[in-house]
Amino acid sequence: MPSDDTNAPDPRPGYCTLLRNREFAGLYAGFTLTVGASTLSGFALGTLVDRSTGSPFLTAVSMYGATFATVLGATTLMSVADGSRPRRTLIALQCVALAGACAQAVPGMPLAARFALLLLLGFFQSLNTGTRMGLLAEVVPASAYVPARSLMNITAGGTSVLGFTLGAVLLRHLTPQGLFLAAGALTAAALAVTAATVRERSVRPPRRPGLRETWTANAALLSRGGPRALLLNLWVPNGLIVGCEALFIPYAGENAGVLLAAASGGMLLGDLTVGRLLSAAWRRRCAFPLRLLLAAPYLLFALHPPTPVAAVAVFVASAGFAATLPLQERLLALTSEQVRGQVQGVESAGRMTWQGIGAAIAGATAQVLSPTVTITALAAVSVCVTVASRPYVDRTRALKAAPGSPRR
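A few words on the overall build of the chain. Within the chain, the secondary structure is distributed over 17 helices and 0 strands. Considering only contacts within the chain whose residues lie at least 6 apart along the sequence, 87% involve residues at least 24 apart. Surface exposure of the chain reaches about 16300 Å², of which carbon and sulfur atoms provide 68%.

This is the structure in structure tokens:
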């Protein structure tokens, strides 16, 4: 498990070294293809809903609504992430994602059916993430965990930039259904890569995952003040800023792709800097400033800046998403080995759920107020949450992992 000793050496393998690990390379490639598929699918659905309804609320929910269902996965079946056959679980969940992408491509499907499918896929997506992150913590050494997460986050940012850009270009020639088919092709490729590279983890003890196992581990996690403070800071400020991003289409119209690409590019830069260049000690020191950076530039939207200025503000702010890396590192250090897949799944599901909540709050508020006012207000609330919770996060440095499982 990652060490919290500030004076200890901080060996950080390079990205090329990580990619020589065949199993990590497979997880990484499958993750990259899945992000690309999700980006194209979300852009296609958001465009389709915006064209059909013209509603900021429905457009925001269509792009981020799947995140609502992730909380169901986190509270019911997330213990499957620590099951004895994670490879089989991951492949089965990839098959579900492939079926969902193909179903969205069916022309003429009612919007209600599309939203229902969106929620169903969000449920399984949370289990997919927990299983994948549990495997990640096993296939790389503890010293490589943050660089590995950084590389995956950087790739997610870069893939999102390409996905939004490609989606905007393709929509000039294709229908949204055509984008759904492209997303299905990427999902199929992710399934093939995962099946070819990931192996079963024979070191895992036999378990019978289910509702009871999930609730027991979640109750133990949330009963501790340290993990609660970390989860709050991983979920709420992040979700509120994603709510700002959910209003880019109503705010900028045809220029929304520029803002979305700027957000992904800023995230890429932040993760590269924090995950690859900073030591463990500096990551901890930068966690609070990065959380402030995530929201503060959005206050500029109160002046309704032109698109180029808004894009720069979004780019700078999105570098603050890298605050998740030191917070995730600390959460992993406080997690016993037996449930680390579930804990990481809960963290990811909660973060995604708050992204959905942020998008819904933003869309509903923009129905009454303007997108400009809504973006500014959400950014201000994010700053307040970050400042108010700082003392509780700082106290986690003195805490240790909960007992209950063997430690390597």
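Attention shifts here to unusual backbone geometry. Its identity is not glycine, yet His304 carries a phi of approximately 50°, on the positive side. Mapped onto the secondary structure, His304 falls in the loop between helix H13 (280-295) and helix H14 (307-318).

Another aspect to go through is the nonpolar core. In this structure, Ile241, Phe248, Leu259, Tyr298, Phe301, Val314 and Ile375 are the most contacted members of the largest nonpolar core, which totals 66 residues. Residue contributions to this core peak at 10 residues, all from helix H10 (residues 225-245). What Phe248 contacts, discounting residues up to four positions off in sequence, is Gly253, Ala256, Leu259, Leu260, Ala263, Tyr298 and Val314. Tyr15, Leu135, Leu136 and Ala144 belong to the second-largest nonpolar core, a separate cluster that totals 23 residues.

Counted by the stated rule, this structure contains 3 salt bridges. Where Arg199 meets Glu23, a salt bridge forms, and the shortest distance between an N and an O atom there is 3.5 Å. Of this pair, Arg199 sits in the loop between helix H8 (176-197) and helix H9 (211-222) while Glu23 sits in helix H2 (residues 22-53), and the two are 176 residues apart along the sequence.

Taken together, Leu269, Val312, Phe315 and Val316 make up a surface patch of nonpolar side chains, about 310 Å² in accessible area. Along the chain, the position of Phe315 falls in helix H14. Of the residues examined, Phe315 reaches a relative accessible area of 34% and is grouped as partly exposed.

Position of Asn128 among the secondary structure elements: in helix H6 (residues 111-139). With a relative accessible area of 10%, Asn128 lands in the buried category. Considering only alpha carbons, one finds Asn128 and Thr89, 39 residues apart in sequence, at a separation of 8.0 Å. In contact with Asn128, other than residues within four places in its own chain, are Leu90, Leu93 and Gln94.

All right, on to the packing of H13 against helix H17 (residues 371-394) then. Direction vectors running N to C along H13 and H17 enclose 170°, while the axes themselves pass 8 Å from each other. Relative to H17, the element H13 is oriented roughly antiparallel. Side by side, H13 and H17 meet where Phe288, Arg291, Leu292 and Ala295 of the first sit next to Ala379, Ser382, Val383, Thr386, Val387, Arg390 and Val393 of the second.

Looking at the chain, pLDDT values average 80 and 86% of them are 70 or higher. Mean pLDDT per element in the chain: helix H4 (residues 66-76) is the minimum at 69, and H14 is the maximum at 92. Contacts of residues 1-10 to residues separated by more than four positions or lying in other chains number 20 contacts, the stretch itself having pLDDT below 50. For the stretch residues 403-408, pLDDT sits under 50, and the model shows 11 contacts to residues farther than four places along the chain or on other chains.

What counts, and where the lines are drawn
- Residues numbered from 1 in each chain as written.
- Predicted model: local features only at pLDDT ≥ 70, side-chain atom pairs only at ≥ 80, totals over all residues.
- Heavy atoms only, no water.
- Helix = DSSP H or I, 4+ residues; strand = E, 2+ residues; numbered from the N terminus.
- Contact = heavy atoms within 4.5 Å.
- Areas by Shrake-Rupley, 256 points an atom, 1.4 Å probe, with all protein chains shown as cover.
- Core = buried A, V, L, I, M, F, W, Y, C linked by side-chain atoms within 4.5 Å.
- Buried < 20%, exposed > 50% of the residue type's maximum accessible area, 1.4 Å probe, protein only.
- Salt bridge = Lys/Arg side-chain N within 4 Å of Asp/Glu carboxyl O.
- Patch = residues over 30% accessible without salt bridge, like charges linked within 9 Å, V, L, I, M, F, W, Y side chains within 5 Å.
- Axes fitted to C-alpha atoms, helices over the stretch in contact; angles between N-to-C directions.
- Parallel < 35°, antiparallel > 145°, perpendicular 65-115°, else oblique.
- pLDDT = per-residue confidence, 0-100.

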